[in-house]
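Chains, contacts and geometry: an overview
Here is how the chains run, residue by residue.
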Amino acid sequence: QKTDDRMDEDGIINPPESARCYSSVKGGDKIGTGHARSMLHSAQAWTAQYNKVDEWMKIDLNNVQKITGIVIQGRHDGGQHVIEARWRYSVDGERWIEAGNVLGKPSDEKVFTRLKKAADARYVQIFAKEWETAISMRAAVLAERSTHSATHKHGTTGSLGAAAGLGAAGGLISGASVSSSSHRINRHEPAPPQMLAHPPQSQPHQPHPAH
């Protein structure tokens, strides 16, 4: 085993925009443009088309890594950010393990959330629970310093990104610790979570578009 060549000094793996997909994207922007730029330190963020609980982003690490948590930021150029989210991870995109909640902060401040114990995963999915103004977020994955090497192949994706790796929930809950607290501004009570076998398709109507 050797250190992933995309990992920085903090153990952060920040896969390219082509390795990410979303439940919806404001304005239907293509991956890597406009409101579909969720890499840590990107010039904007991912912003969902709809402000509703359980809008999500998914990150593909390209192969199985030994992950230790995630790190999130709000939108770079504005006050939009996720106040609270939940996240899960999977080795194969079919069996998922719930990892707990994440607390976010505005703009470029990074908030680290760590598992109590490192776990194998290829896919990480983050679901919005509460937000300020609009659902906007940037994110990356934390991993052990000694892990598998991986290189992403850049390909063409649709407006919602690659659909691979989504499946039914499964596994045991693994506790997570959060390195920051968050002030609650808008409260959005989540509906009972529904694990989807496929990414949501376009809705026949568009409730409450983000601003």
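Preceding block: the structure.
Summary of the structure given here. Everything quoted here is computed from the prediction, not taken from an experiment.

Here we look at the nonpolar core
- Counting 33 residues, the largest nonpolar core has Ile67, Trp87, Tyr89 and Ile126 as the members making the most contacts within it.
- Breaking this core down by element, the ones donating at least two residues are strand 4 (56-73), strand 5 (81-90), strand 6 (96-103), strand 7 (111-132) and strand 8 (136-143).
- For Ile126, the residues in contact, after removing those within four places along its chain, are Glu55, Trp56, Met57, Ile70, Ile72, Ala85, Arg86, Trp87, Met137 and Ala139.
- Ranked by size, the runner-up nonpolar core spans six residues in total, among them Ile12, Leu40, Val71 and Ala140.

Here we look at the pairing of strand 4
- Across the 18 residues that make up strand 4, a large majority, 14, are buried.
- Looking at chain direction, strand 2 (residues 20-22) and strand 4 are connected through three bridges and run antiparallel. When the bridges of strand 4 are listed, Cys21 appears paired with Lys58.
- Both strand 4 and strand 7 contribute to a ladder of twelve bridges, which runs antiparallel. The partner of Trp56 across the bridge, within strand 7, is Phe127.
- One ladder, built from six bridges, connects strand 4 with strand 8; its direction is antiparallel.

Here's the deal with the environment of Trp131
- By the element assignment, Trp131 lies in strand 7.
- Each C-alpha atom of the pair Trp131 and Gly104 lies 8.8 Å from the other, and the pair is 27 residues apart in sequence.

Looking at the packing of aromatic side chains
- Counting across every chain of the model gives two aromatic pairs.
- Relative to Trp46, the ring of Tyr22 lies with its centre 5.4 Å away and its plane at 15 degrees, an arrangement referred to as stacked. Residue Tyr22 is found in strand 2, and its partner Trp46 is found in strand 3 (residues 46-47); the two are separated by 24 residues along the sequence.
- Measuring from ring centre to ring centre gives 6.0 Å for Trp87 and Tyr89, while their planes differ by 45 degrees; the resulting arrangement is tilted.
- Judged by its relative accessible area of 4%, Tyr89 falls in the buried class.

The rules behind these values
- Residues numbered from 1 in each chain as written.
- Predicted model: local features only at pLDDT ≥ 70, side-chain atom pairs only at ≥ 80, totals over all residues.
- Heavy atoms only, no water.
- Core = buried A, V, L, I, M, F, W, Y, C linked by side-chain atoms within 4.5 Å.
- Buried < 20%, exposed > 50% of the residue type's maximum accessible area, 1.4 Å probe, protein only.
- Helix = DSSP H or I, 4+ residues; strand = E, 2+ residues; numbered from the N terminus.
- Contact = heavy atoms within 4.5 Å.
- Pairing = 2+ DSSP bridges.
- Phe/Tyr/Trp six-rings, centres within 6.5 Å; stacked < 30°, edge-to-face > 60°.

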